[in-house]
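Observations on chain architecture
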Amino acid sequence: MRLNTMATREERQFLYSLMVMGGSALAIADQYDTIGDAVEIYQNREMIELNNLGFVGRPLSQDLSSANSSRWVGQLPDGDYVVGLFNREEDTITSGIDFFKELGIKEGAAENVRDLWQHQDLGEMCGKYTTSLAPHSCKILRIRPKGIIRYQAEFASPKGGVTINMANE
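Overview of the structure.

What counts as what
- Residues numbered from 1 in each chain as written.
- Predicted model: local features only at pLDDT ≥ 70, side-chain atom pairs only at ≥ 80, totals over all residues.
- Heavy atoms only, no water.
- Core = buried A, V, L, I, M, F, W, Y, C linked by side-chain atoms within 4.5 Å.
- Buried < 20%, exposed > 50% of the residue type's maximum accessible area, 1.4 Å probe, protein only.
- Helix = DSSP H or I, 4+ residues; strand = E, 2+ residues; numbered from the N terminus.
- Pairing = 2+ DSSP bridges.
- Salt bridge = Lys/Arg side-chain N within 4 Å of Asp/Glu carboxyl O.

1. Brief notes about the nonpolar core
By size, the foremost hydrophobic cluster in this structure holds 21 residues, and its most contacted members are Tyr16, Met47, Leu50 and Ile140. In terms of residues, this core owes the most to one element, helix H1 (residues 9-21), which gives four residues. Listed in part, the 14 residues of the second largest apolar core include Val83, Phe99, Tyr129 and Leu141.

2. What about the pairing of strand S7 (residues 128-133)?
Burial along S7 is one-sided: Tyr129, Thr131 and Leu133 are buried, while Lys128, Thr130 and Ser132, pointing the other way, are not. The sheet contact formed by strand S4 (residues 93-98) and S7 spans six bridges and is antiparallel. What sits directly across from aspartate 98, in S7, is lysine 128.

3. A few points about the pattern of salt bridges
All told, the structure shown has 12 salt bridges when counted by the stated rule. A salt bridge links aspartate 78 to arginine 142, with the nearest nitrogen and oxygen atoms 3.0 Å apart. Residue aspartate 78 is located in the loop between strand S2 (71-75) and strand S3 (81-86), and its partner arginine 142 is located in strand S8 (residues 138-145); the two are separated by 64 residues in the primary sequence. For aspartate 78, the salt bridge goes to arginine 144, with nearest N and O atoms at 3.6 Å. Of this pair, aspartate 78 sits in the loop between S2 and S3 while arginine 144 sits in strand S8, placing them 66 residues apart in sequence. We classify aspartate 78 as partly exposed; its relative accessible area is 29%.

Given below as structure tokens:
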């Protein structure tokens, strides 16, 4: 990636987000003397965490003429969903995600929705999330379903599955 070739901050976030949502390697090709304010984008710890977890999302449609090809979803090992809403258009659009219909979250109830670029918890939500997106901008959300039971695995391997360390009784 050479974020310094993008015209705006929004376009830089768009490219970086698309690379993370697609599960791509994050290779920085900017130089120290050309990186400018893109360094902040490269150092977004929440986006880097998704990449480190091996996260890979997918568009809701493979048809590039469909608006759903600009909405990406995936799920993390802990059960949280990651949603990427992208505006490829030259005009402002309204985009969103339905928690029940499109993510399958029981009763459409989210314990928390977090904006990964703003580093801000948006709180509990029910039903859906919608937002206005400026041209060439995006929104990356981490959605924690309400009432999900989470289990902490110690380690996993392709051969032996998950092994949980239990204290001797």
